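Each chain, letter by letter, is given below.
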Amino acid sequence: MGSVLSPSDRPVDYVPETVTRSVKLLVAGNFGVGKTTFVSSVSEIKPLRTEETITEASVGVDDMVGLPGKSQTTVAMDFGRITLNPQLALYLFGTPGQQRFVPLWEELARGALGALVLVDTRRIEKSDEVLSVLEERGVPYSVAVNQFEGARNFPLGEVRDALDLAPDTPITSLDARDRGTCLRSLITLVEFLFHRQESRL
């Protein structure tokens, strides 16, 4: 994929003139899995965030089990950009995690080459719904396990089995706060998508 550009303080506002190809990707996952943090970690521009404070209106609607410290939620999308190499720019669209936003997921998925699905092993059963939505709409994806502090670190093979992933679906692990591990997961996804396209030519 070439060397990853990593500006120290995100001075890039415009796409570099060397970029000849751009790709739209979704960053998906259930509620509270770390999508906003992921986009903020990797974006070379100031990310667009549409978070609102969680209110009493969420009681009985949004599943807050296992998320005692969560006080905000994405209500539209997160948006960021990363120049993966001098020729390739990725546009990242973080989806809201709640089921009630599925119609918005469908709109965000238009034109997307694929998706990176973040998974929290403490609530792994919540990932099934997100994977089903992507599969029903024919959006190819890879999976990245977000390693939360204090959570048990399962072997990726066990996570693959628990999610019943197809044998060729890539799976990686990351810390959504750490740019390096996030970039590695993005590179894995992009390589998978490009190889997939080439195999269909």
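The structure reproduced in this document is the subject of the present report.

Parameters at a glance
- Residues numbered from 1 in each chain as written.
- Predicted model: local features only at pLDDT ≥ 70, side-chain atom pairs only at ≥ 80, totals over all residues.
- Heavy atoms only, no water.
- Patch = residues over 30% accessible without salt bridge, like charges linked within 9 Å, V, L, I, M, F, W, Y side chains within 5 Å.
- Areas by Shrake-Rupley, 256 points an atom, 1.4 Å probe, with all protein chains shown as cover.
- Salt bridge = Lys/Arg side-chain N within 4 Å of Asp/Glu carboxyl O.
- Lys, Arg positive; Asp, Glu negative; His and termini not counted.
- Charge placed at Lys NZ, Arg CZ, Asp CG, Glu CD.
- Helix = DSSP H or I, 4+ residues; strand = E, 2+ residues; numbered from the N terminus.
- Buried < 20%, exposed > 50% of the residue type's maximum accessible area, 1.4 Å probe, protein only.
- Pairing = 2+ DSSP bridges.
- Phe/Tyr/Trp six-rings, centres within 6.5 Å; stacked < 30°, edge-to-face > 60°.
- Lys NZ or Arg CZ within 6 Å of the ring centre and 35° of its normal.
- Core = buried A, V, L, I, M, F, W, Y, C linked by side-chain atoms within 4.5 Å.
- Contact = heavy atoms within 4.5 Å.
- Axes fitted to C-alpha atoms, helices over the stretch in contact; angles between N-to-C directions.
- Parallel < 35°, antiparallel > 145°, perpendicular 65-115°, else oblique.
- Nonpolar A, V, L, I, M, F, W, Y, C, P; charged D, E, K, R; others polar.

### Structural notes on a negative patch on the surface
A contiguous patch of negative charge on the surface is contributed by Glu125, Asp128, Glu129, Glu135, Glu158, Asp161 and Asp164. Contributions of two or more residues to the negative patch are made by α3 (127-136) and α4 (156-163). At three residues, the largest contribution of residues to the negative patch is made by α3. Assessed through its relative accessible area of 49%, Glu135 is described here as partly exposed.

### Re the pairing of strand β4 (residues 78-85)
The element β4 is largely enclosed, with a buried count of eight among its eight residues. As defined by bridge partners, β4 adjoins strand β5 (residues 88-94) across seven bridges and the pair is classed as antiparallel. Residue pairing in the sheet places Asp78 in a bridge with Gly94 of β5. As consecutive antiparallel partners, β4 and β5 are separated by two residues.

### Brief notes about the packing of aromatic side chains
Throughout the structure, instances matching the rule amount to two aromatic pairs. Judged by centre distance (6.1 Å) and plane angle (15 degrees), the ring pair of Phe79 and Tyr91 falls under stacked. Here Phe79 is found in strand β4, whereas its partner Tyr91 is found in strand β5, with 12 residues between them in sequence. Members of the aromatic cluster, connected to one another through ring pairs, are Phe79, Tyr91 and Phe93. The residue whose ring lies beneath Lys24 is Phe93, and the NZ or CZ to ring-centre distance is 4.8 Å. Stacked on the ring of Phe148, the Lys or Arg Arg122 has its end atom at 4.3 Å from the ring centre.

### Let's talk about the nonpolar core
The tendency in soluble globular proteins is for nonpolar side chains to be buried as a group. Ranked by size, the top nonpolar core spans 26 residues in total, and within it Leu25, Phe38, Leu90, Leu92, Leu118 and Leu186 carry the most contacts. Counting only elements with at least two residues in this core, the list comes to β1 (21-28), α1 (35-42), β4, β5, β6 (114-119) and α5 (179-199). Among the elements that make up this core, the one with the highest residue count is α5 (nine residues). If near-sequence neighbours (up to four positions away) are discounted, Leu90 is found in contact with Val23, Leu25, Gly80, Arg81, Ile82, Leu84, Leu186 and Val190. Residues Phe93, Ile124, Val130 and Val139 belong to the second largest nonpolar core, which totals 23 residues.

### So, the sheet that holds strand β8 (residues 171-174)
With mixed pairing, six strands are arranged side by side in an open sheet as β4-β5-β1-β6-β7-β8. Across the chains shown, the open sheet's two edge strands, defined by having one partner strand only, are β4 and β8. Between one strand axis and the next, the sheet turns through 25 degrees on average, direction left out of account. Along the sheet, α3 makes contact with β1, β6 and β7 (141-146), crossing β6 at roughly 175 degrees. Against the sheet, α4 contacts β6, β7 and β8, and its axis sits at roughly 120 degrees relative to β8.

### Looking at the pattern of salt bridges
All told, the structure shown has six salt bridges when counted by the stated rule. With its nearest N and O atoms 3.0 Å apart, the salt bridge here joins Glu44 to Arg81. Of the two residues, Glu44 sits in the loop between α1 and β2 (51-53) while Arg81 sits in strand β4, which places them 37 residues apart along the sequence. According to the relative accessible area criterion, Arg81 is buried, its value standing at 4%. A salt bridge links Glu149 to Arg177; the shortest N-O distance between them is 3.0 Å.

### Describing the packing of α1 against α5
Here α1 crosses α5 at 95 degrees, and the two axes come no closer than 9 Å. Classified by the angle their axes make, α1 and α5 are roughly perpendicular. Between α1, through Phe38, Ser41 and Val42, and α5, the contact on the second element is made entirely by Arg179, Cys182, Leu183 and Leu186. Per-class residue counts for the contact of α1 with α5 are five nonpolar, one polar and one charged.

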